[in-house]
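# Structural overview
This is what each chain is made of:
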Amino acid sequence: MIAPPTSQTGDIVFEARQLAKEFDGGQVAALRGVDFQIREHEFVAIVGPSGCGKSTLLQMLGSLDHPTSGSLTYRGASIPGMPDPSAYRAHHIGFVFQAFHLLPTFNVVENVQIPMFEGGLSRTQRRERAVDLLKSVGLDHRLGHFPSQLSGGERQRVAIARSLANRPSVLLADEPTGNLDSENAVHVMELILKLHRELGMTLILVTHDPSIAAQASRTIRMKDGRVVPADSPHP
Amino acid sequence: MTFFTIVVRSLVRRPVRTGLTLVGISIGIAAVVALVGMAWGYEKSIVRQLDVIGIDVVVSNMSGGLMPKVFDESLEEKIAPLPKVAATTSVLMQMLSIEDAPMMMISGREWGGFTWDKISVIEGRLPHNATERAVVIGRLAAEVLKKKPGDTVQIEADELPVVGIIDGQAVVENGAIILSLNVLQEITLNEGKVNFVDIRVTPGTTKQEVTALCDSIKEIFPEGRAMVASEVVGTSQGFRVARAMSWSTSLLAIIVGVLGVMNTMLMTVFERTHEIGILLAVGWKRRRIMLMVLLESALLGLLGGVLGVALGALGLKILETTPAIRGLLEPDLSPRLLLISIAIAVVVGVISGLYPGWRSSRLSPSLALHG
């Protein structure tokens, strides 16, 4: 069953049909026949209890993992069948992780430049774009600082700037506020929503937090590796 | 920030491990420089000696140890009348332990032969005649043995007076003890025996004519060989053994170096699984990850090579001054050897990084992120 999107406008960006993922030779089923469509510019929140398969699904959308069966497409092209998944990740997808995943030995402006090595930019262009991105997340005063010198909220803002390095059309965020206090969580979510609105990116966000899910244009609820049919639209 | 910055940063952030790996590679490369430098230096010293004396063809026995086996001195009389032979002279050469020097070249030269011509006396005099039981000593040998004219030197069971210190214009000559052939034959119980006949050809002799002369000598002396001076080093069994030994020992040192770098790079890759996962997640291609690891190990090799060359050169300079080596050879520290050594180190680095690089590029991004 394909969950209908709330907005019928915009091209289909992602489409999953009977998507399944098993681990340990089939002993653990993380996804059990998931169907959905996500359209251009949507903000979709994926919610559900721990272990329901939300993060696994997000990783497959980002081609970090392959499904065991079923189909998953990005703008009509099979994601598992992509000849160059790294190019897909570099140019179409931005990732924001709960654990930030910054490189500790590189400073803020260097961390943001890391994805740009696949973007064909010159050294100067990489730095200029990184500085611009850090300005947009309000961290242009922290360029030379290392991740260990930043607060959790600042680290996540660096990670958000890094996710935008190659101007992707899709932002995949896995519990982006999960490691933050409530004040920082609010700021980070405001930033993500601002970027979503201003850049027109498709935003898919995995969260436990109902208040964050409530801000999404649509919610995909998951339980035991399946999409729960009662999809609740938001105005 | 450039890609190279990322490579360098990975090495710099673990200074102890990087330092220890560099020490490992540099010791291997230092061994290459020292061993090959000694072998090449020895070869060059001999070539220079032959050149200085003006020897065109060398006749010796095929077999022997450090020195070729002796043969009858009458061979010289058979060679002298051959076409294109301008001069001949017989030599008995021995490597003997002399007093505190573990190994020294003793050269017994036919009195009046051309091998005495280029010797210039620094102090004292040459022996008066073929039968005078006296020696002259090369200036390096004199330093090693701490001898001056008027002293005596013990050769086998005999004690001979030192009558002069000489400069032979080649390190082998300067590191040798030189005396009349007849005296050395008597002392070493080799009466009537020599192990070299040195030949000068007439001026203007072509290469083909020299080859023809060598063939003629081979007919007269089937168990021996006649070599053009410039080819002595290339064809000599002794030199080939020395060269093979120096390279095979170097190879062992290189293998140890490869294993050291490979171990370091594998550990680095295992430790950086999470980091590699991040790089894959943000879109780095697998070949870029592999290139990063390869460049890191190549850089380790390059730095280890430079350090090793410096260590090896220092080692050779120290070895050169030891009594065991001094005067016997002049280590070769040519730019060619130094460049070859650094190139070997870089190749060692690249080879050592291949497997770790391949491993790192095969990581699953999702597993690596959680690793």
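Residues numbered from 1 in each chain as written. Chains lettered and ligands numbered in written order. Predicted model: local features only at pLDDT ≥ 70, side-chain atom pairs only at ≥ 80, totals over all residues. Heavy atoms only, no water.

## Some remarks on the overall build of chain A
Along chain A, the regular secondary structure elements total 7 helices and 10 strands. Taking 2.2 N^0.38 as the reference for a compact globule, 235 residues should give roughly 18 Å; the C-alpha atoms of chain A span a radius of gyration of 17 Å, in line with that estimate. Seen through its principal axes, chain A has C-alpha atoms that stretch 50 × 40 × 40 Å. For chain A, buried positions account for 56% of its 235 residues. In chain A, once contacts between residues fewer than 6 apart in sequence are set aside, the share between residues at least 24 apart is 72%. With an accessible surface of roughly 9,700 Å², chain A has 50% of that area assigned to carbon and sulfur atoms. (Helix = DSSP H or I, 4+ residues; strand = E, 2+ residues; numbered from the N terminus. Rg over C-alpha atoms; globule rule 2.2 N^0.38 Å. Buried < 20%, exposed > 50% of the residue type's maximum accessible area, 1.4 Å probe, protein only. Contact = heavy atoms within 4.5 Å. Areas by Shrake-Rupley, 256 points an atom, 1.4 Å probe, with all protein chains shown as cover.)

## As for the layout of surface pockets
By volume, the second largest pocket amounts to about 320 Å³. S55(A), Q59(A), D174(A), S366(B) and H370(B) are the residues nearest the centre of the second largest pocket, which is lined by 15 residues in total. Broken down by secondary-structure element, the contributors of at least two residues to the lining of the second largest pocket are α1 (54–61) of chain A together with α13 (365–370) of chain B. Counting residues per element, the lining of the second largest pocket draws most heavily on α13(B), which supplies 4 residues. Per-class residue counts for the lining of the second largest pocket are 5 nonpolar, 8 polar and 2 charged. (1 Å grid on protein atoms, 1.4 Å probe; cavity = no way out; pocket = protein on both sides within 12 Å on 5 of 7 lines; lining within 4 Å. Points joined across faces, edges and corners; volume = space filled by probe spheres on them. Nonpolar A, V, L, I, M, F, W, Y, C, P; charged D, E, K, R; others polar.)

## Considering the sheet that holds strand β4 (residues 69–74) of chain A
Residue and element names in this part refer to chain A. Pairing is antiparallel in the open sheet, where 4 strands are placed in the order β2-β1-β4-β5. Because the sheet does not close on itself, it has two edges, and the strands there are β2 (28–39) and β5 (77–78). Pairing of strand β1 (residues 12–23) with β2 involves 9 bridges; the strand directions are antiparallel. By the bridge assignment, A20 is partnered in β2 with R32. (Pairing = 2+ DSSP bridges.)

## Re helix α10 (residues 273–281) of chain B
All names here are of chain B. When you tally the buried positions in α10, you get 8 out of 9 residues, the bulk of the element. Restricting attention to buried positions, one finds in α10 the residues T273, E275, I276, G277, I278, L279, L280 and A281. A positive backbone phi angle near 105 degrees is found at G283, which sits one or two residues after α10.

## Concerning the environment of A34(B)
Residue and element names in this part refer to chain B. One can find A34 in helix α2 (residues 15–53). Using a relative accessible area of 17% as the deciding quantity, one classes A34 as buried. Along the sequence, A34 and V309 sit 275 residues apart, while their C-alpha atoms lie 8.8 Å from each other.

## Brief notes about the sheet that holds strand β10 (residues 226–227) of chain A
All names here are of chain A. Overall, mixed pairing links the 6 strands, which are arranged β6-β7-β8-β3-β9-β10 in an open sheet. Single-partner strands in this sheet number two, and they are β6 (93–96) and β10. Across 4 bridges, the pairing between β6 and strand β7 (residues 170–174) is parallel. What sits directly across from F95, in β7, is L172. Along the sheet, helix α5 (residues 152–163) makes contact with β6 and β7, crossing β6 at roughly 170 degrees. (Axes fitted to C-alpha atoms, helices over the stretch in contact; angles between N-to-C directions.)

## Topic: the domain arrangement of chain B
Considered domain by domain, chain B is made up of domain 1 (3–44 + 239–370) and domain 2 (63–222). Averaged C-alpha coordinates put domain 1 of chain B and domain 2 of chain B at centres separated by 45 Å. (Domains from an automatic or database assignment.)

## Re the nonpolar core
Counting residues in each nonpolar core, the largest one holds 75 residues, and the members touching the most others are F14(A), F36(A), I204(A), M222(A) and W284(B). Counting residues per element, this core draws most heavily on α2(B), at 9 residues. In this structure, V47(A), A161(A), A165(A) and M189(A) belong to the second largest nonpolar core, which totals 41 residues. (Core = buried A, V, L, I, M, F, W, Y, C linked by side-chain atoms within 4.5 Å.)

## With respect to unusual backbone geometry
The residue R75(A) is not glycine, and still its phi comes out positive at about 50 degrees. With respect to the helices and strands, R75(A) occurs in the loop between β4 and β5. On the basis of relative accessible area, R75(A) is assigned to the partly exposed category, the value being 35%. Here L189(B), not a glycine, exhibits a phi torsion of approximately 55 degrees, which is positive. As for its position among the elements, L189(B) is in the loop between α6 (181–187) and β10 (193–194). Given the relative accessible area of 71%, L189(B) is considered exposed.

## Structural notes on the interface of chain A and chain B
Residue-level contacts link 25 residues of chain A with 22 residues of chain B. Interface area for chain A against chain B, summed over the two sides, is near 2,300 Å², with a carbon-plus-sulfur share of 59%. Contact with chain B buries area across many residues of chain A, yet H101(A), F117(A) and E118(A) alone supply 26% of it, more than any other trio. In this structure, R9(B) and E110(A) form a salt bridge, with 2.8 Å as the shortest nitrogen-oxygen distance. Joining chain A to chain B, the criterion identifies 11 residue pairs in polar contact (both at pLDDT 80 or more). At the level of secondary structure, the elements contributing two or more residues to the side of chain A that touches chain B comprise α2 (85–92), α3 (108–113) and α4 (123–136) of chain A. Considering every element that reaches the side of chain A that touches chain B, the biggest residue donor is α2(A), with 4 residues. Residues that form the side of chain A that touches chain B fall into these classes: 12 nonpolar, 5 polar and 8 charged. (Buried area = accessible area lost by both parts, 1.4 Å probe. Salt bridge = Lys/Arg side-chain N within 4 Å of Asp/Glu carboxyl O. Polar contact = N/O pair within 3.5 Å; in protein donor to acceptor, adjacent residues only side chain to side chain.)

## Thoughts on the packing of helix α11 (residues 286–320) of chain B against helix α12 (residues 335–361) of chain B
All names here are of chain B. Where α11 contacts α12, the axes come no closer than 7 Å and their chain directions differ by 150 degrees. Considering their axes alone, α11 and α12 lie roughly antiparallel with respect to each other. Crossing hand, α11 versus α12: right-handed. Here the residues of the contact of α11 with α12 are counted per class, giving 16 nonpolar, 9 polar and 1 charged. (Parallel < 35°, antiparallel > 145°, perpendicular 65-115°, else oblique. Left-handed = near helix turned anticlockwise from the far one by under 90°.)

## A closer look at the side chain of E15(A)
All names here are of chain A. Among the secondary structure elements, E15 is positioned in strand β1. You can call E15 buried: its relative accessible area is 14%. Here the side chain of E15 touches R17 through a polar contact of 2.8 Å, side chain to side chain. Among the polar contacts made by the side chain of E15, one reaches the side chain of Q37 at a distance of 3.2 Å.

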